[in-house]
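A look at the structure
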There are 4 protein chains.
Amino acid sequence: MQLIRFGVSLPDHLIKRFDRLIHRKKYPNRSEAIRDLIRHTLVEEEIENDAEIVGVLTLLYNHHQRELQDRLGRVQHDHHDRILSTTHVHLDHDNCLEVVLLRGRAGQIKQLADEIIALKGIKHGQLYRTSTGKNLS
Amino acid sequence: MQLIRFGVSLPDHLIKRFDRLIHRKKYPNRSEAIRDLIRHTLVEEEIENDAEIVGVLTLLYNHHQRELQDRLGRVQHDHHDRILSTTHVHLDHDNCLEVVLLRGRAGQIKQLADEIIALKGIKHGQLYRTSTGKNLS
Amino acid sequence: MQLIRFGVSLPDHLIKRFDRLIHRKKYPNRSEAIRDLIRHTLVEEEIENDAEIVGVLTLLYNHHQRELQDRLGRVQHDHHDRILSTTHVHLDHDNCLEVVLLRGRAGQIKQLADEIIALKGIKHGQLYRTSTGKNLS
Amino acid sequence: MQLIRFGVSLPDHLIKRFDRLIHRKKYPNRSEAIRDLIRHTLVEEEIENDAEIVGVLTLLYNHHQRELQDRLGRVQHDHHDRILSTTHVHLDHDNCLEVVLLRGRAGQIKQLADEIIALKGIKHGQLYRTSTGKNLS
């Protein structure tokens, strides 16, 4: 990997506000903050274009439901080739959060997530999409 | 307004992907694209911090509803100090789209938008938030 | 249009929170609030599936730029078949907000919006997508 | 927990589209789909109101960076009272994804996430927010 350096010109007023933001967000310097903005916009493009993505599926449910746990296990096994990992957190006496990491085409991942979220007993489910990092350097 | 120039360093692979994006989005050069990314992130911060914003409220409804039109008119007049303009577009025989531009604190604008969206007969309403431009140069 | 009535069952705790939300958002009743939630999710699906949509493009710029205004006019005329209306608001001495309503396939609208946002002199541009209302009753 | 049943009326055209969506998303019945829509909107409200939330922070980075790993470990230990768990996935030879689950007020969580995302070497970081489930039944 080679670093390429080039010049950017910004109005002074804009750069003052940007520097304050950088400071608040604790970036070490402007380059790092700008790299982050660029990668962020590239990731958004990837997701729109149905490229291969990582899905982060959060599932909130009451863990006193044996049947749901069984069904969750089954659907995850049926799609084991798309599931990277599952993390389980006990939020309180009743609630647990399960975070399932998925990998595949944006469209496929959405379909699988929809199927899981629709399971009876899931209080709240949400799918977030991020990059596989393959094309980000 | 004064332009300030500074150097940014990016990995070559990242810059290649960024240049392709710039080309696809037809930016004249990297500086312009980076300025856009910076302003975009500043606007997002403004909105989160309940600063003064511009709200863009889209309302979709069937225009054969006299009563709704009256009520819409009334609520807009009650808040005329926050409403910049209203644009009305006839989408087809039945549907019309009304776009109301609002200005005020993020929280106030949301409350007013919620009230309007909740009116009986509105098929679909959505509030988008953008910047007043005051702090963007 | 015919109304169909059916029963929904909700846990009492959930219904209490929902009723508070309905009250805060000033919905006349639960049916109206539920209709809104359903239409909202249908609109999100439309946009994902590249169906025909309405685009709301907000453009913020300094109006002392004759050249930008000319270019903006030109690009809008080139695509007049996709542009429903343009609203112009004077935000302060320097800034103006232009809201362009567009209609077409989600992908086409995004491409056109990208092209406009990339014009030199646009401080901030953002595209929001909503429904044409055709399939919402 | 007690189930309460009430009637909802929907235009026939809207219910047909909703039933298709329910079928596609594999919900067992309309009640379950409507409960999901209601919980989803309640979670969005929670997050806006700076209530206690769960944050899901995804971090993408090249694992050949010893220094970054050390710094990541340190910042996580400094805030151990807000961190529920960390999951690490090896995406390919170079990239790894770390998913950090956080818990706290929406504002605090955002600040901590910003600090971590800004670390040199993080390719891409994103914070998603979801509910603690406490007020969802």
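The structure we're discussing is the one just above.
Scoring rules and cut-offs
- Residues numbered from 1 in each chain as written.
- Chains lettered and ligands numbered in written order.
- Predicted model: local features only at pLDDT ≥ 70, side-chain atom pairs only at ≥ 80, totals over all residues.
- Heavy atoms only, no water.
- Buried < 20%, exposed > 50% of the residue type's maximum accessible area, 1.4 Å probe, protein only.
- Helix = DSSP H or I, 4+ residues; strand = E, 2+ residues; numbered from the N terminus.
- Pairing = 2+ DSSP bridges.
- Contact = heavy atoms within 4.5 Å.
- Buried area = accessible area lost by both parts, 1.4 Å probe.
- Salt bridge = Lys/Arg side-chain N within 4 Å of Asp/Glu carboxyl O.
- Nonpolar A, V, L, I, M, F, W, Y, C, P; charged D, E, K, R; others polar.
- Least-squares fit on C-alpha atoms with pLDDT ≥ 70 in both.
- Axes fitted to C-alpha atoms, helices over the stretch in contact; angles between N-to-C directions.
- Parallel < 35°, antiparallel > 145°, perpendicular 65-115°, else oblique.
- Polar contact = N/O pair within 3.5 Å; in protein donor to acceptor, adjacent residues only side chain to side chain.
- Phe/Tyr/Trp six-rings, centres within 6.5 Å; stacked < 30°, edge-to-face > 60°.
- Lys NZ or Arg CZ within 6 Å of the ring centre and 35° of its normal.

With that settled, consider the pairing of strand β4 (residues 95-105) of chain B. Residues and elements named next belong to chain B. With ten of eleven residues buried, β4 is to be regarded as a mostly interior element. Of the strand pairs in this sheet, strand β2 (residues 52-62) and β4 are connected by eleven bridges, and their pairing is antiparallel. Counterpart to Tyr61 in the pairing with β4 is Cys96. The sheet contact formed by strand β3 (residues 83-90) and β4 spans seven bridges and is antiparallel. Bridging from a neighbouring strand, His90 pairs with Cys96 of β4.

When the parts come together, some accessible area is lost, and that loss is often what is quoted as the size of the interface. Each partner contributes to the interface: chain B provides 46 residues, whereas chain C provides 46 residues. In total, about 3,700 Å² of surface goes out of reach between chain B and chain C, with carbon and sulfur atoms giving 58% of it. For the chain B face of the interface with chain C, the top three residues by lost area are Lys123(B), His124(B) and Tyr128(B), together amounting to 14%. At the boundary of chain B and chain C, one finds four salt bridges. Across the pair Glu115(C) and Lys26(B) runs a salt bridge, and its minimum N-O distance is 3.5 Å. Looking at the side of chain B that touches chain C, the elements with two or more residues in it are α2 (30-48), β2, β3, β4, α4 (106-117) and β5 (122-131) of chain B. Here the side of chain B that touches chain C gets eight residues from one element, more than from any other, and that element is β5(B). Per-class residue counts for the side of chain B that touches chain C are 18 nonpolar, 13 polar and 15 charged.

Let's shift gears to the pattern of salt bridges. When the charged atoms of two side chains with opposite charge come close together, those side chains can pair. Throughout the structure, instances matching the rule amount to 60 salt bridges over all chains. Between Arg66(D) and Asp70(D) there is a salt bridge whose closest N-O contact spans 3.6 Å. Highlighted residues: Arg66(D) and Asp70(D), both in helix α3 (residues 66-78), separated by four residues, approximately one helical turn. You can call Arg66(D) exposed: its relative accessible area is 60%. Linked through salt bridges whose partners overlap, the residues forming this network are Arg24(A), Lys25(A), Glu45(B), Lys110(D) and Asp114(D).

Overlaying chain D on chain A yields an RMSD of 0.0 Å, the required transformation being a rotation through 180° with an accompanying axial translation of 0.0 Å. In the structure described here, the two chain copies are related by an operation that fits a two-fold rotation axis.

What follows is about the side chain of Thr132(D). Along the chain, Thr132(D) turns up in the segment after β5 (122-131). A relative accessible area of 3% means that Thr132(D) is categorised as buried.

Superposition record for chain B on chain C: RMSD 0.0 Å, screw rotation 180°, translation along axis 0.0 Å. Of the residues that chain B buries at the interface, 100% are likewise interface residues in chain C, meaning the two copies contact each other through the same surface.

All names here are of chain D. Their axes nearest at 10 Å, the elements helix α1 (residues 12-24) and helix α2 (residues 30-48) cross at an angle of 90°. When the axes of α1 and α2 are compared, the pair comes out roughly perpendicular. Within the contact between the two elements, α1 uses Ile15, Phe18, Asp19 and Ile22 and α2 uses Arg30, Ala33, Ile34 and Leu37. A class-by-class count of the residues in the contact of α1 with α2 yields six nonpolar, no polar and two charged.

To continue, consider the interface of chain D and chain A. Listed per partner, the contact involves 46 residues of chain D and 46 residues of chain A. Between chain D and chain A, the buried area comes to about 3,700 Å², and carbon and sulfur atoms account for 58% of it. Seen at the junction of chain D and chain A, the total is four salt bridges. Linking chain D to chain A there are 13 residue pairs in polar contact (both at pLDDT 80 or more). For the side of chain D that touches chain A, the elements supplying multiple residues, two or more each, are α2, β2 (52-62), β3 (83-90), β4 (95-105), α4 (106-117) and β5 of chain D. Tallying contributions element by element places β5(D) first for the side of chain D that touches chain A, with eight residues.

As a further point, take the packing of aromatic side chains. Counted under the stated rule, the structure contains two aromatic pairs over all chains. For the ring pair Tyr128(A) and Tyr128(D), a centre distance of 4.3 Å and an interplane angle of 20° mean the geometry is stacked. Here Tyr128(D) lies in strand β5 and Tyr128(A) lies in strand β5 (residues 122-131), a pairing that spans two chains. On the basis of relative accessible area, Tyr128(D) is assigned to the buried category, the value being 9%. The aromatic ring of Phe6(D) is capped on one face by Arg30(C), whose charged end is 4.6 Å from the ring centroid.

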